[in-house]
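# Remarks on the overall topology
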Amino acid sequence: MCGIVGYVGKRAAAPILVDRLDDLSYRGYDSAGIAVANDGVVVVEKLPGKIENLRKALTGNEPPGTIGVGHTRWATHGAPTQVNAHPHADCAGKLFVVQNGIIENFPALKRELLARGHEFRSQTDTEVVIHLLEEYYDGDLMDAAKKTAARLEGSFALVFLAADERRLVAVRYHAPLIVGVGGGENFVASDITAVLQDTNKVYVLENGDVVSVEAHRVDVDTFLPQRAKAPTERRLTIVDWRAEDVSKNDYPHYMLKEIYEQPRAVERTLQGRIKDGEIVLREMDLSPERIRRVDSFHIVACGTAYHAALFGKYLLERVLRVPVSADIASEFRYRAPILGPKSLVILISQSGETADTIASMEEAQSRGAKTLAVVNVRGSTLAREADAVVYTRAGPEIAVASTKAFTAQLTALMLLACYVADQRKVELPYGREELLRHLLELPAHLERTLEVAAPTAKAWGEIIAGERDCYFLGRNVDEPLAREAALKLKEISYVHAEAYAAGELKHGTIALITEGTPVVSFMTQKDVWDKMISNIHEVRARGARTFAVVCEGGYGLEDLVEDVLTLPAVPELFTPVLAAIPAQLIAYEAAAALGRDVDQPRNLAKSVTVE
Ligand code: M6R
């Protein structure tokens, strides 16, 4: 989705804005631009395509000025052209805006503004915002921004720049925005990673906030009448991510770096949370009494996080012996879910800003259910607005393809399952001590898995890269993992992939298996081992090239599959954490072999903040 940056301070704004846009480029974009103000004159440079185009256009030509805004656009209304790129200006060329989100009532506003003589240049919804601001502006940007925001419907984050003012004004409404606080300089950005090079102190803005950002001060107000009397002080959040966490180091892609960070990410998820045989989840603000009373568990998420949710369903049902549902957030929010005060809805999200997941949380809360967010980004909307939170602590995830956030989510769900079991006095499977010991050993097993998986995944990835289709099979907890493998492969390599519960294949999809079609089977579950063997026989009989991911001790595959990848032995409920590594590496290697833009796959955005 779109990325926003703003700078006000003592340094030249243009290079800072372009560099920070680069830091946000992982969100996905198709054009980029900046506006820099100096002595009442604002220079705008914006171009379709990569940020590099913008950088080149500015080389030797940088506009002077120490205040400005920048934007990466992911087109929604209007094609990705220069004229549609942000910033957008008013008729007089004195006021400028960058926006993230969607202005739903823009057609009506546009008609009104056209009738009042405003001239529109773009096909975007955003342009109404700046003409509306022009209507209200009489030298006070803050006041005009409040009046403008009050007329808008939809979800939006806005940053305004006026030629004649030494401040930026930012507005947040259902689209993320933060203010980074530096020494004698301040920043505005749509996410924390854009300011980490300069500061780790941020204000996370709330819905309805209108904020004046000067070099030495930040003032918060609101455009929502119902919040007019609410306190305007915001707590300064100190972020524990480091600037190095968002650099690629020596890796060719962020995705590969993040795959290799998984032992450390999982270690951080576990850190301090198993103490003297007890599970400690400090941020989990739900009383033991409340947890004991829960009579239905629901897990809701999108994309990769939804695959973690499916794993969570298997896990919680197995551990707690209670019914658990797992839903895609965009479906859950519209299917009138049956919830009440004894329901617990668990929302899983890396970013904590996915629009459908947030809407699902609101839907659950409006039906009286308690909500628990399993989230990576501190201070994100889900983290702040759910009734309780468990942080996954994976560190910043930059690549569009989610990897370390996924394994951290699986690990957090395992901790959560144990925690809830303890509160409900349910005995843990495998024996308590044994189970907790295995959990703590996961980082070491992940290290080992990376070693064994790398060469095999490269060979398989290269084979798959030459094919049109690929199928992934699994049963039990291997089924969501198969789905995750297929999603990873599709999103970064563009090879068509499907995942199937292995027993379901013969109900239709097996018709698509032809001579040479690669089929990768995840088979880490002993009680369905023989069933998986039968399913592999079925696809082989139709000409498939077969590959298998197993755990130590897997047997009888010699004449059945072309190659086997063996993972370290762990309790069966934990195997998806390890099997995720080959799933991710196969996709990575296929995409690399095809020369794809691994970190920024076409059409995709890192965080989907619109419906
Ligand atoms: O930030 P979230 O975890 O809520 O994002 C959910 C999905 O958009 C995300 O997992 C997406 O599917 C990834 N690109 C998958 O790699």
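Residues numbered from 1 in each chain as written. Predicted model: local features only at pLDDT ≥ 70, side-chain atom pairs only at ≥ 80, totals over all residues. Heavy atoms only, no water.

## Description of the site of the ligand
- Within the structure, the ligand sits among 13 residues, and Ser349, Gln350, Ser351, Thr354 and Glu491 are positioned closest to it.
- Between glutamine 350 and the ligand, the recorded distance is 2.6 Å, taken from a backbone N or O atom to an oxygen atom.
- Here an oxygen atom of the ligand and a side-chain polar atom of glutamate 491 are 2.4 Å apart.
- Alone, the ligand offers 410 Å² of accessible surface; in the complex the protein occludes 91% of this.
- For the shell around the ligand, the elements supplying multiple residues, two or more each, are α9 (303–320) and α15 (478–493). (Near = heavy atom within 4 Å. Polar contact = N/O pair within 3.5 Å; in protein donor to acceptor, adjacent residues only side chain to side chain. Areas by Shrake-Rupley, 256 points an atom, 1.4 Å probe, with all protein chains shown as cover. Helix = DSSP H or I, 4+ residues; strand = E, 2+ residues; numbered from the N terminus.)

## With respect to the layout of surface pockets
- As a volume, the largest pocket reaches approximately 530 Å³.
- Around the largest pocket, the lining comprises 27 residues; the ones closest to its centre are Cys302, Gly303, Thr304, Lys606 and Val608.
- If you list the elements that add at least two residues to the lining of the largest pocket, you get α9, β19 (343–349), α11 (355–366) and α15.
- Here the element with the most residues in the lining of the largest pocket is α9; it accounts for three residues.
- The residue makeup of the lining of the largest pocket, split by class, is 11 nonpolar, 12 polar and four charged. (1 Å grid on protein atoms, 1.4 Å probe; cavity = no way out; pocket = protein on both sides within 12 Å on 5 of 7 lines; lining within 4 Å. Points joined across faces, edges and corners; volume = space filled by probe spheres on them. Nonpolar A, V, L, I, M, F, W, Y, C, P; charged D, E, K, R; others polar.)

## Observations regarding unusual backbone geometry
- The residue after histidine 86, namely proline 87, is reached through a cis peptide bond having omega 0°.
- The phi angle at arginine 393 is positive, at roughly 60°, despite the residue not being glycine.
- With respect to the helices, strands and loops of the structure, arginine 393 is situated in the loop between β21 (388–391) and α13 (404–423).
- Among the residues examined, arginine 393 registers a relative accessible area of 26% and is labelled partly exposed. (Buried < 20%, exposed > 50% of the residue type's maximum accessible area, 1.4 Å probe, protein only.)

## Brief notes about the nonpolar core
- Counting residues in each nonpolar core, the largest one holds 127 residues, and the members touching the most others are Met284, Phe297, Ile346, Ile348, Leu439, Phe472 and Phe522.
- With sequence-adjacent residues up to four places away left out, leucine 439 is seen in contact with Leu270, Ile274, Met414, Leu415, Cys418 and Phe574.
- In this structure, Val97, Phe120, Val210 and Phe223 belong to the second largest nonpolar core, which totals 27 residues. (Core = buried A, V, L, I, M, F, W, Y, C linked by side-chain atoms within 4.5 Å. Contact = heavy atoms within 4.5 Å.)

## Focus on the pattern of salt bridges
- Tallied over the entire structure, the rule returns 40 salt bridges.
- Aspartate 198 is the partner of arginine 11 in a salt bridge, and the nearest nitrogen-oxygen pair spans 3.0 Å. Residue arginine 11 is located in the loop between β1 (3–8) and α1 (13–24), and its partner aspartate 198 is located in the loop between β10 (186–189) and β11 (201–204); the two are separated by 187 residues in the primary sequence.
- Linking glutamate 135 and arginine 116 is a salt bridge whose minimum nitrogen-to-oxygen distance equals 2.8 Å. Of this pair, glutamate 135 sits in helix α4 (residues 127–136) while arginine 116 sits in the loop between α3 (106–115) and α4, and the two are 19 residues apart along the sequence. (Salt bridge = Lys/Arg side-chain N within 4 Å of Asp/Glu carboxyl O.)

## A word on the sheet that holds strand β5 (residues 88–89)
- Overall, antiparallel pairing links the six strands, which are arranged β5-β6-β7-β8-β12-β13 in an open sheet. The sheet terminates laterally at β5 and β13 (218–222), the two strands that pair on one side only.
- Pairing between strand β12 (residues 209–213) and β13: five bridges, direction antiparallel. In the strand pairing of β13, aspartate 209 is matched with threonine 222.
- Relative to the sheet, α4 contacts β5, β6 (95–103) and β7 (154–162), its axis offset from that of β6 by approximately 135°.
- Helix-sheet contacts for helix α5 (residues 141–151) involve β6, β7, β8 (168–173), β12 and β13, and the interaxial angle to β7 is about 160°. (Pairing = 2+ DSSP bridges. Axes fitted to C-alpha atoms, helices over the stretch in contact; angles between N-to-C directions.)

## As for the domain arrangement of the protein chain
- The domain architecture assigned to the protein chain consists of domain 1 (3–246), domain 2 (254–428) and domain 3 (452–593).
- Put simply, the middle of domain 1 and the middle of domain 2, counted by C-alpha atoms, are 32 Å apart.
- Across the boundary between the two partners, domain 1 contributes 15 residues, which contact 16 residues of domain 2.
- Roughly 1300 Å² of surface becomes buried between domain 1 and domain 2 when both sides are summed, with 56% attributable to carbon and sulfur atoms.
- Among the residues domain 1 hides against domain 2, the three largest losses belong to Tyr26, Trp241 and Asp245. Together they make up 41% of the total.
- Linking domain 1 to domain 2 there are one salt bridge.
- Here arginine 172 and glutamate 353 are joined by a salt bridge, their closest N and O atoms 4.0 Å apart.
- Our count for the domain 1 to domain 2 interface comes out at one residue pair in polar contact (both at pLDDT 80 or more).
- Here the side of domain 1 that touches domain 2 is built from residues that sort into seven nonpolar, three polar and five charged. (Domains from an automatic or database assignment. Buried area = accessible area lost by both parts, 1.4 Å probe.)

## A few points about the environment of alanine 486
- Mapped onto the secondary structure, alanine 486 falls in helix α15.
- The exposure class assigned to alanine 486 is buried, which follows from its relative accessible area of 2%.
- Note: C-alpha distance between alanine 486 and phenylalanine 574 (88 residues apart in sequence) is 20 Å.
- Apart from residues lying up to four places away in sequence, alanine 486 is in contact with Phe472, Ala497, Glu498 and Ala499.

## Let's talk about the packing of aromatic side chains
- Summed over the entire model, instances satisfying the criterion amount to seven aromatic pairs.
- Relative to phenylalanine 547, the ring of tryptophan 460 has its centre 5.1 Å away and its plane inclined at 45°; by these criteria the two rings are tilted. Taken together, the residues tryptophan 460 in helix α14 (residues 432–465) and phenylalanine 547 in strand β25 (residues 545–551) connect sequence positions 87 residues apart. Considered together, tryptophan 460 and phenylalanine 547 belong to a single accessibility category, that of buried residues.
- An aromatic cluster is defined as three or more aromatic residues linked by ring pairs; in this entry it consists of Phe156, Tyr173 and Phe223.
- Over the face of the ring belonging to tyrosine 430 we find arginine 318, whose NZ or CZ atom lies 5.8 Å from the ring centre.
- When the ring centre of tyrosine 494 is taken as reference, the NZ or CZ atom of arginine 602 above it lies at 3.8 Å. (Phe/Tyr/Trp six-rings, centres within 6.5 Å; stacked < 30°, edge-to-face > 60°. Lys NZ or Arg CZ within 6 Å of the ring centre and 35° of its normal.)

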